[in-house]
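Residue strings, one per chain:
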Amino acid sequence: MNRRTKILTATALTGTFLTGSVALADAQGWWPGSKTVRVMLPEGQSNPAIANGVAMGGEVAVYQSSGLGPSALNPSAPEGTPERYTDPALTEGAQGVTITEAQALVVLRNIKTNLEAAGLTPADVITMKCYLMKPPGAETADYAGWNRAYRQYFANIDLTTQQVVPVPMGTSAPKPPLLANKARPARATMEVASLAVKGWLVEVEVTAAYRKR
């Protein structure tokens, strides 16, 4: 490397460091307190589905669930089929509910039960990861069905008016959600090739923050 190259490289690196310093300085006002959870939401939206990100102070106590799937609550369906892992009682009266949506409703209810056993509720969830398999015969995972189910348990209170927002189940007209909850976790959803249990199409893990004592 000649002297001119070294000088240019050093200049580029210095510029990088300076830019990073400016970005950090600009974000100082968003830095969380030691016992604070701060959620970054999209600007200009009163009912966004998910957060852009979450910051936690170093003294925030958190709970991490395992990946949870649906329970086999439909004995009329054959073992090992996706239909087996649904609960007909959850979707009774609804039209056009997809199999992924039906499973996701069970999973999210299982998440609620798991959190309650740890002294938490879905309102305390700050991050979520969802893993989807494509239903038999489909080309891709059913993201739309998953998102409908998600809104039944999360992000269904308008942040401006504080009113509960009706949500659809399948193709039925929107109704009050199964659980009113303003929480909007930072969330990632991805399609996977397989899940641990034959018949599962949905698996979800969450992180929840304990409230200040």
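Residue positions within a chain follow its written sequence, with the count starting from 1. Only residues with pLDDT of 70 or above have their local features reported here, since the model is predicted, and side-chain atom pairs are shown and tallied only from 80 upward, although totals for entire chains, interfaces and linings are computed over all residues. Water and hydrogen atoms play no part in the side-chain values, which are based on all heavy atoms of the structure.

Asker: Where do I start with the overall build of the protein in this structure?
Answerer: Numbering of helices and strands runs from the N terminus, with a helix taken as a DSSP run of H or I at least four residues long and a strand as a DSSP run of E at least two residues long. Looking only at helices and strands, one finds 3 helices and 6 strands in the protein. The secondary structure elements of the protein, listed N-terminal to C-terminal, are α-β-β-β-α-β-α-β-β. The rule is simple: take the accessible area with a 1.4 Å probe, protein chains only, and divide by the maximum for that residue type; under 20% is buried, over 50% is exposed, in between is partly exposed. Expressed as a percentage of the 213 residues in the protein, the buried residues total 38%. Contact criterion: two residues are considered in contact whenever any of their non-hydrogen atoms come within 4.5 Å of each other. Considering only intrachain contacts with a sequence separation of at least 6, the fraction spanning at least 24 residues in the protein is 70%. Areas reported here follow the Shrake-Rupley algorithm with a probe of radius 1.4 Å; residue values treat only the protein chains shown as occluding. Carbon and sulfur atoms form 56% of the exposed surface of the protein, whose accessible area is close to 12000 Å².

Asker: How should I be thinking about the nonpolar core in this particular structure?
Answerer: Nonpolar side chains tend toward joint burial in soluble globular proteins. Counting 34 residues, the largest nonpolar core has Met128, Trp146, Phe154, Val202 and Val204 as its most contacted members. Going through the elements one at a time, helix H2 (99-117), strand E4 (125-132), helix H3 (143-153) and strand E6 (202-209) are the ones with two or more residues in this core. Not counting the four nearest positions on each side in its chain, valine 204 is found in contact with Ser66, Gly67, Leu68, Val107, Ile111, Met128, Lys129, Cys130 and Trp146. What makes a nonpolar core is a set of buried Ala, Val, Leu, Ile, Met, Phe, Trp, Tyr and Cys residues whose side-chain atoms join them at distances within 4.5 Å.

Asker: Just to check I follow, could you spell out the layout of surface pockets for this structure?
Answerer: A probe matching the size of a water molecule, rolled over the atoms, marks out where space remains unfilled. A cavity here means a set of 1 Å grid points, computed over protein atoms only, where a 1.4 Å probe fits but cannot escape. A pocket is an open set with protein on both sides within 12 Å along at least 5 of 7 lines, and lining residues have an atom within 4 Å of a point. Grid points are joined across faces, edges and corners, and a volume is the space filled by probe spheres set on the points. Empty space within the largest pocket amounts to approximately 320 Å³. For the largest pocket, the lining is made up of 14 residues, of which Val39, Ala123, Val125, Ile126 and Ala183 are closest to its centre. Any residue outside Ala, Val, Leu, Ile, Met, Phe, Trp, Tyr, Cys, Pro, Asp, Glu, Lys and Arg is labelled polar, Gly included; the first ten of those are nonpolar and the last four are charged. Residues that form the lining of the largest pocket fall into these classes: 10 nonpolar, no polar and 4 charged.

Asker: What's the story with the environment of threonine 127 in this structure? I'm lost.
Answerer: Along the chain, threonine 127 turns up in strand E4. Judged by its relative accessible area of 26%, threonine 127 is partly exposed. For threonine 127 and glycine 53, which are 74 residues apart along the polypeptide, the C-alpha to C-alpha distance reads 8.4 Å. Among all residues touching threonine 127, those that are not within four sequence positions of it are Pro185, Ala186, Glu205, Val206 and Thr207. Whenever two N or O atoms come within 3.5 Å, that pair is a polar contact, provided that in protein one can donate a hydrogen and the other can accept it, and provided that, for residues adjacent in sequence, both atoms are side-chain atoms. Side-chain polar atoms of threonine 127 contact the side chain of threonine 207, separated by 3.0 Å.

Asker: Even after reading the chapter, I still don't get the sheet that holds strand E5 (residues 186-191), so can you show me in this structure?
Answerer: Strand pairing in a sheet takes place through backbone hydrogen bonds and is either antiparallel or parallel in direction. What makes two strands pair is DSSP finding at least two bridges between them. In spatial order, the strands read E3-E6-E4-E5; together these 4 strands make up an open sheet with mixed pairing. This sheet does not close on itself; its edge strands, each paired only once, are strand E3 (62-64) and E5. Across the sheet, the mean angle separating the axes of adjacent strands is 10° when strand polarity is ignored. Note: E3 against E6, 3 bridges, orientation antiparallel. Bridging across to E6, valine 62 finds its partner in alanine 209. Structural elements are reduced to axes, namely lines fitted to C-alpha atoms, with helices fitted over the stretch in contact, and the angle between N-to-C directions of any two is expressed from 0 to 180 degrees. The strands touched by H2 within the sheet are E3, E4 and E6, with E6 carrying the most contacts at an inclination of about 30°. The strands that H3 touches are E4, E5 and E6; relative to E5, the one it contacts most, it runs at about 150°.

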